[in-house]
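Descriptive structure summary
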Amino acid sequence: MPVEGHWRIEMSDQSQMIRDIEREVAYTRQMIGRSVLSESVMNAIRQVPREAFVPETERCFAYDNGPLPIGCGQTISQPYIVALMTDLLEVGDDAVVLEVGTGSGYQAAVLSRVVKQVYSVEIIETLSIQATATLQKLGYHNVSCQCVDGYLGWSEHAPYDGILVTAAAVEIPTPLIEQLKPGGRLVIPVGPPYDYQDLIVVEKSQTGEVREKMVLGVAFVPLTRSGK
Ligand code: SAH
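On a predicted model such as this, the values are computed, not experimentally measured, just so you know. (Residues numbered from 1 in each chain as written. Predicted model: local features only at pLDDT ≥ 70, side-chain atom pairs only at ≥ 80, totals over all residues. Heavy atoms only, no water.)

**A closer look at the overall build of the chain**
Counting secondary structure elements, the chain contains 7 helices and 11 strands. On C-alpha atoms alone, the chain measures out to a radius of gyration of 17 Å, which is about the 17 Å that the 2.2 N^0.38 rule sets for 228 residues. Considered along the principal axes of its C-alpha atoms, the chain spans approximately 65 × 40 × 35 Å. Buried positions account for 50% of the 228 residues belonging to the chain. When the accessible surface of the chain is totalled, it reaches about 11,200 Å², and 52% of it is carbon and sulfur. Of the charged side chains in the chain, 18 are positive and 28 negative; the average position of the first set lies 3 Å away from that of the second. (Helix = DSSP H or I, 4+ residues; strand = E, 2+ residues; numbered from the N terminus. Rg over C-alpha atoms; globule rule 2.2 N^0.38 Å. Buried < 20%, exposed > 50% of the residue type's maximum accessible area, 1.4 Å probe, protein only. Areas by Shrake-Rupley, 256 points an atom, 1.4 Å probe, with all protein chains shown as cover. Lys, Arg positive; Asp, Glu negative; His and termini not counted. Charge placed at Lys NZ, Arg CZ, Asp CG, Glu CD.)

**As for the nonpolar core**
One finds I21, I45, Y106 and L216 to be the most contacted residues of the largest nonpolar core, which totals 50 residues. Of all elements in the fold, only helix 1 (14–27), helix 3 (39–47), strand 3 (68–71), helix 4 (79–89), helix 5 (106–112), helix 6 (125–138), strand 10 (197–204) and strand 11 (210–218) reach the threshold of two or more residues within this core. In this structure Y106 touches M17, I45, V48, R50, F53, I76 and V82, once residues within four positions along its chain are discounted. (Core = buried A, V, L, I, M, F, W, Y, C linked by side-chain atoms within 4.5 Å. Contact = heavy atoms within 4.5 Å.)

**Some points on the side chain of T102**
Mapping T102 onto the fold places it in the loop between strand 5 (96–100) and helix 5. Judged by relative accessible area, T102 falls into the buried class, the value being 3%. Within the structure, the side chain of T102 is placed 2.7 Å from the side chain of S120, a separation counted as a polar contact. With residues up to four places along the chain from it excluded, the contact list for T102 reads S120, V121, E122, A131 and C145. (Polar contact = N/O pair within 3.5 Å; in protein donor to acceptor, adjacent residues only side chain to side chain.)

**Some details on helix 1**
The end-to-end C-alpha distance of helix 1, which contains 14 residues, comes to 20 Å, matching closely the 20 Å that a straight helix rising 1.5 Å per residue would cover. Residues of helix 1 that are buried include every one of M17, I18, D20, I21 and V25, and no others. On an axial view of helix 1, the arc spanned by its buried residues comes to 160°, and they lie on one face. (Expected span 1.5 Å × (residues − 1). Arc of directions from axis to C-beta.)

**As for the site of the ligand**
Taken together, 28 residues lie around the ligand, and S104, E122, D149, G150 and T224 are the ones closest in. Between the ligand and the protein, one listed contact pairs a nitrogen atom with a side-chain N or O atom of E99 at 2.9 Å. A distance of 2.6 Å is found between an oxygen atom of the ligand and a side-chain nitrogen or oxygen belonging to S104. Here the ligand, which alone exposes 580 Å², has 99% of that area covered by the protein. When atoms are counted within 2 Å of each cavity's grid points, the one that captures over half of the ligand is the largest pocket. Of all elements in the fold, only strand 4 (74–76), strand 5, helix 5 and strand 6 (117–122) reach the threshold of two or more residues within the shell around the ligand. Here the element with the most residues in the shell around the ligand is strand 4; it accounts for 3 residues. (Near = heavy atom within 4 Å. 1 Å grid on protein atoms, 1.4 Å probe; cavity = no way out; pocket = protein on both sides within 12 Å on 5 of 7 lines; lining within 4 Å. Sits in = over half its atoms within 2 Å of the grid points.)

**Regarding the pairing of strand 8 (residues 160–165)**
Of all 6 residues making up strand 8, 5 are buried, and the element is well covered by its neighbours. With 4 bridges joining them, strand 5 and strand 8 adopt parallel strand pairing. Opposite E99, over in strand 8, you have L164 as the bridge partner. In terms of strand pairing, strand 8 meets strand 9 (residues 180–190) through 4 bridges, oriented parallel. Bridged to Y160 within strand 9 is L180. (Pairing = 2+ DSSP bridges.)

**Some remarks on the packing of helix 1 against helix 3**
Running from N to C, helix 1 and helix 3 point in directions that differ by 150°, and their axes come no closer than 10 Å. It follows from the interaxial angle that helix 1 and helix 3 lie roughly antiparallel. Between helix 1 and helix 3 the crossing geometry is right-handed. For the pair helix 1 and helix 3, the contacting residues are Q14, M17, I18, I21 and E22 in the first and M42, I45 and R46 in the second. Per-class residue counts for the contact of helix 1 with helix 3 are 5 nonpolar, 1 polar and 2 charged. (Axes fitted to C-alpha atoms, helices over the stretch in contact; angles between N-to-C directions. Parallel < 35°, antiparallel > 145°, perpendicular 65-115°, else oblique. Left-handed = near helix turned anticlockwise from the far one by under 90°. Nonpolar A, V, L, I, M, F, W, Y, C, P; charged D, E, K, R; others polar.)

**Here we look at the environment of I172**
Inspection of the secondary structure puts I172 in the loop between strand 8 and helix 7 (174–178). For I172, a relative accessible area of 15% corresponds to the buried category. Sequence separation between I172 and V190 is 18 residues, and the spatial gap between their C-alpha atoms is 6.9 Å. When sequence neighbours within four positions are dropped, the list of residues in contact with I172 reads I177, L186, I188, V190, I200, V202 and E212.

Here is the structure:
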């Protein structure tokens, strides 16, 4: 609304974002196999201030239910997708999880409110340094970040109860399956870069068998490889 000759730009609000997530979950319930997300995931979304993870120029869009640029050609994912991927992991407060693609650190912060410990890897050093500082400043002390090629996972802390990949892979990285605990889940977008991909849930059974389930069409930035 124009106010005294100026456009008044208001910060989109978080309660609207929560309603948008709930609505999109309901719309997509047949594909995602649930009509609501768990209370712990929605509480985590409520607790994490998304505006602290986006550049100042994007701050007024922080609570829009859409992706936003974060620099270095990368994006912070859509809040609905962040919430959904966290829910699909089906992990509890004693879990140790790995995230591949720290980006802004927002998904790691959301995960940190749901699980015991988050390890997150990012291939772009600028983003890794920035996200580490943001997470530190906001007091997310159960998140550890490292700047490495996440295709290879982070073997030092493996095996993980859950692994979440927030960049699109052409194929499921074998090291990530190896670093998953029996009974654990890997949530990953798989498909061609700069196109639509399939969001896949990989389940590793107690006996080590691996089963894949396609959940939803998504569009993520590509998983790149160092030196490739
Ligand atoms: N989870 C992020 C958004 C991720 S965007 C958030 O909440 O903001 C995808 C990120 O994956 C980008 O920052 C990109 O640099 C990173 N990435 C791409 N390939 C990677 C790789 N091989 N290992 C680790 N990170 C990678």
